[in-house]
Amino acid sequence: IIASQLVVPDEINVSWKDIAGLDHLIQELRETVILPIQKRDLFSDSRLTQPPKGVLLHGPPGCGKTLIAKATAKEANMSFINLDVSLLTDKWYGETQKLAAAVFSLAVKLQPCIVFIDEIESFLRTRTQHDHEATAMMKTQFMSLWDGLITDPSCTVIIMGATNRPQDLDKAIQRRMPAMFHVPMPSEQQRDRILRLILHAEPTAEDIDFSRLAMATEGFSGSDLHELCRQAAVYRVRDLARQQLDQSNDSQQSNNTDSEDEFVDAVR
Ligand code: ATP
């Protein structure tokens, strides 16, 4: 089960160049997470400069948290385990216990390694007296395995969690994630950059007006922008296909200059 969620650095297909508009965040991740991994001999000397063993990415859905986690692993030459929390919330405590232990042991073998947990709050939310006993035991075990990483200065395994509800995270978990980064909804300028990145290799009109598109997409996440571009591209191809079928052999070269208006139509 775990092997199916594991990617070695060479096979990670995302890097910083696939992320637009988050340069400041990338710079912070370079300093806080990547540099201590690359120069661990220097950082591990003192307890005060230990690399973080927990990193939290928080912000609304579709704004690039998973992209950032993968790109961090790629840039730091780390393996990447995408841990599906539903596997740890099974009621069969014995099984989940073995699985959690196996994940940590695999991560240690592969180190440097990032264990990515999306929607981490669904598993490590604030404990209540209504918690199922198995869930409470699982959380305790998970934290103790995590502490094993924290107390070993030479260990280069990082638990990287993503959530859009950071306030629901157990305080004990928040303490284990000293590096927290907000991944916000993109601003107009960021949307402009994301749209340019998504469309840079696509056949769009030469005079496409990115600032107009960025303005028209207030409230769109990166994921929404990606979906919007996909729909606009499909819209145009469908239109072309229809035209070609209608005109059959007497084909008339369609010109691209309409594509921007069609794109804006799609935005609307
Ligand atoms: P969720 O909380 O729903 O898991 P997420 O924050 O992890 O979402 P991602 O899965 O990283 O979001 O992003 C979804 C898709 O949106 C990406 O595959 C990419 O196509 C696009 N995207 C989001 N943000 C950006 C960005 N800053 N630059 C480029 N593409 C982006």
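In this text, all values refer to a predicted model and were calculated from it rather than measured experimentally.

Conventions and cut-offs
- Residues numbered from 1 in each chain as written.
- Predicted model: local features only at pLDDT ≥ 70, side-chain atom pairs only at ≥ 80, totals over all residues.
- Heavy atoms only, no water.
- Helix = DSSP H or I, 4+ residues; strand = E, 2+ residues; numbered from the N terminus.
- Buried < 20%, exposed > 50% of the residue type's maximum accessible area, 1.4 Å probe, protein only.
- Contact = heavy atoms within 4.5 Å.
- Areas by Shrake-Rupley, 256 points an atom, 1.4 Å probe, with all protein chains shown as cover.
- Expected span 1.5 Å × (residues − 1).
- Pairing = 2+ DSSP bridges.
- Axes fitted to C-alpha atoms, helices over the stretch in contact; angles between N-to-C directions.
- Near = heavy atom within 4 Å.
- Polar contact = N/O pair within 3.5 Å; in protein donor to acceptor, adjacent residues only side chain to side chain.
- Nonpolar A, V, L, I, M, F, W, Y, C, P; charged D, E, K, R; others polar.
- pLDDT = per-residue confidence, 0-100.
- Parallel < 35°, antiparallel > 145°, perpendicular 65-115°, else oblique.
- Left-handed = near helix turned anticlockwise from the far one by under 90°.

What about the overall build of the chain?
- A count of helices and strands for the chain gives 10 helices and 6 strands.
- In the chain, which comprises 268 residues, the proportion classed as buried is 42%.
- Looking at the chain alone, contacts between residues at least 24 apart form 80% of all its contacts between residues at least 6 apart.
- A total accessible area of about 14,600 Å² is found for the chain, and carbon and sulfur atoms account for 51% of it.

Things to note about helix H7 (residues 188-199)
- Helix length check: H7 (12 residues) gives 16 Å between terminal C-alpha atoms against 16 Å at 1.5 Å per residue, within 8%.
- Those residues of H7 lying buried are Gln190, Arg191, Asp192, Ile194, Leu195 and Leu199.

Describing the sheet that holds strand E5 (residues 157-163)
- Spatially, 6 strands are ordered E1-E3-E4-E5-E2-E6 in an open sheet, and the strand pairing comes out mixed. Pairing within the sheet leaves two strands with one partner each, and these edge strands are strand E1 (6-7) and strand E6 (179-182).
- The sheet contact formed by strand E2 (residues 54-58) and E5 spans 5 bridges and is parallel. Note that in E5 the partner of Leu56 across the bridge is Gly161.
- The strands that helix H1 (residues 23-38) touches are E2, E5 and E6; relative to E6, the one it contacts most, it runs at about 160 degrees.
- Of the strands in this sheet, E2, strand E3 (79-82), strand E4 (113-118) and E5 touch helix H3 (residues 65-75), which is tilted by about 170 degrees from E4.

So, the site of the ligand
- Contacts to the ligand come from 17 residues, most closely from Ala20, Gly62, Lys65, Thr66 and Leu67.
- The backbone of Gly62 places a nitrogen or oxygen atom 2.8 Å from an oxygen atom of the ligand.
- The backbone of Cys63 places a nitrogen or oxygen atom 3.2 Å from an oxygen atom of the ligand.
- Here the ligand loses 77% of its free accessible area of 640 Å² to cover by the protein chains.
- Only H3, H7 and helix H9 (222-247) provide two or more residues apiece to the shell around the ligand.
- For the shell around the ligand, the residue count by class is 8 nonpolar, 6 polar and 3 charged.

A word on H9
- When the terminal C-alpha atoms of H9 are compared, their 38 Å separation across 26 residues agrees well with the 38 Å that a helix rising 1.5 Å per residue should span.
- Residues Gly222, Leu225, Leu228, Cys229, Ala232 and Arg236 constitute the buried set of H9.

Quick look at the pairing of E6
- Burial along E6 is one-sided: Ala179 and Phe181 are buried, and none of Met180 and His182, which face the opposite way, are.
- In this structure, E2 lies alongside E6, joined through 4 bridges in parallel fashion. Bridging across to E6, Leu57 finds its partner in Phe181.

Looking at the confidence of the model for the chain
- The predicted model of the chain averages 85 in pLDDT, with 87% of residues at 70 or higher.
- No element of the chain has a lower mean pLDDT than helix H10 (residues 259-267), at 54, and none a higher one than H7, at 96.
- Confidence estimates for the predicted assembly give a pTM of 0.85 and an ipTM of 0.95.

Digging into the side chain of Asp170
- Mapped onto the fold, Asp170 is located in the loop between E5 and helix H6 (171-175).
- Exposure remark for Asp170: the relative accessible area of 7% places this residue in the buried category.
- For Asp170, the side chain forms a polar contact with the main-chain nitrogen of Ala172, separated by 3.0 Å.

Points about the side chain of Ser15
- With respect to the helices and strands, the residue Ser15 is situated in the loop between E1 and H1.
- Once residues lying within four places of it in the same chain are set aside, the contact partners of Ser15 are Ala71, Lys74 and Glu75.

Considering the packing of H1 against H3
- Two elements in contact, H1 and H3, have axes separated by 10 Å at closest approach and are oriented at 40 degrees. As the angle between them shows, H1 and H3 are arranged oblique. As for how H1 packs across H3, the hand of that crossing is right-handed. Touching Leu25, Leu29, Val33, Ile34 and Gln38 of H1 are Ile68, Thr72 and Glu75, all from H3.
- Among the residues forming the contact of H1 with H3, the class breakdown is 5 nonpolar, 2 polar and 1 charged.

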